[in-house]
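Here are the chains, one letter per residue:
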Amino acid sequence: MAKKTNQKAGKTQKKRKVIVEANGEAHVTASFNNIIISLTNKKGDVVAWSSAGKMGFRGSKKNTPYAAQLAAEDASKTAHEAGLRKVKVYVKGPGNGRESAIRSLHNNGIEVTEIIDITPLPHNGCRPPKRRRV
């Protein structure tokens, strides 16, 4: 088994091996502050991930369609090399860049078969925070 050494603590930790099939799932979480793209296999194990923050965007620039595009390109490049070819996309959250992330996944050689919105909506649950005055 391949071992990966952690330079900071001097410990050895096991390198996780994820089984990659041709079909998988893409989870796009678009909050008001950031966008996170996780590409997983059918079981739910993460094959590749990226976010706008990981791509070097800071502050309000993280929640832009361009940042989402770059993050999706980064994640899809890694997953494509691993062997992922088709994904079912699950989109969650109200942020910008949801469509541009999906479009970018498709343009980088990963076929999008289905798009499902799983944004959580309350059936009149908790009281919402007070309205913003800008």
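The chain has the name Small ribosomal subunit protein uS11 in an unreviewed UniProt entry, where Christiangramia salexigens is given as its organism. According to its UniProt record, the chain has this under Sequence similarities (unreviewed entry): "Belongs to the universal ribosomal protein uS11 family."

(A) Representation of the pairing of strand β4 (residues 35-41) within the structure. The buried count for β4 comes to 6 of 7 residues, which makes it a mostly enclosed element. As judged from the 5 bridges shared by β4 and strand β5 (residues 46-51), these two strands associate in the antiparallel manner. Of the residues in β5, the one forming a bridge with L39 is A48. The antiparallel hairpin formed by β4 and β5 contains 4 residues in its connecting segment, where G44 sits at a positive phi of about 110°.

(B) Expanded view of the packing of helix α1 (residues 65-82) against helix α2 (residues 98-107). Remark: α1 packs on α2, axes separated minimally by 8 Å, with the N-to-C direction vectors making an angle of 35°. By crossing handedness, the relation of α1 to α2 is classed as right-handed. Between α1 and α2, the residues in contact are P65, A68, Q69, A72, E73 and S76 and S100, A101, S104 and L105, respectively. For the contact of α1 with α2, the class distribution of residues is 5 nonpolar, 4 polar and 1 charged.

(C) Highlighting the sheet that holds β5. Spatially, β5-β4-β3-β6-β7 is the arrangement adopted by the 5 strands of the open sheet, whose pairing is mixed. Here the strands that pair on one side only, and so sit at the sheet edges, are β5 and β7 (111-117). Along the sheet, successive strands turn relative to each other by an average axial angle of 20°, direction set aside. Sheet strands touched by α1: β4 and β5. Its angle to β5, the strand with the most contacts, is close to 160°.

(D) Examining the pattern of salt bridges more closely. One pass over the full model with this rule turns up 4 salt bridges. For D45, the salt bridge goes to K43, with nearest N and O atoms at 3.7 Å. For D45, a relative accessible area of 23% gives the class partly exposed. Exposure remark for K43: the relative accessible area of 67% places this residue in the exposed category. In this structure, K88 and E114 form a salt bridge, with 3.8 Å as the shortest nitrogen-oxygen distance. Of the two residues, K88 sits in strand β6 (residues 86-92) while E114 sits in strand β7, which places them 26 residues apart along the sequence. Here K88 falls in the partly exposed class, since its relative accessible area comes to 23%.

(E) Examining α2 more closely. Among the residues of α2, those classed as buried are R98, S100, A101, I102, S104 and L105. Looking one or two residues beyond α2, the residue adopting positive phi is G109, at roughly 90°.

(F) Molecular detail of the environment of V20. Relative to the elements of secondary structure, V20 occurs in the loop between β2 (12-14) and β3 (23-30). Considering only alpha carbons, one finds V20 and R85, 65 residues apart in sequence, at a separation of 9.9 Å. Apart from residues lying up to four places away in sequence, V20 is in contact with V47, A82, G83 and L84.

Definitions and limits used
- Residues numbered from 1 in each chain as written.
- Predicted model: local features only at pLDDT ≥ 70, side-chain atom pairs only at ≥ 80, totals over all residues.
- Heavy atoms only, no water.
- UniProt positions renumbered as here; feature names shortened; annotations may be inferred.
- Buried < 20%, exposed > 50% of the residue type's maximum accessible area, 1.4 Å probe, protein only.
- Helix = DSSP H or I, 4+ residues; strand = E, 2+ residues; numbered from the N terminus.
- Pairing = 2+ DSSP bridges.
- Axes fitted to C-alpha atoms, helices over the stretch in contact; angles between N-to-C directions.
- Left-handed = near helix turned anticlockwise from the far one by under 90°.
- Contact = heavy atoms within 4.5 Å.
- Nonpolar A, V, L, I, M, F, W, Y, C, P; charged D, E, K, R; others polar.
- Salt bridge = Lys/Arg side-chain N within 4 Å of Asp/Glu carboxyl O.

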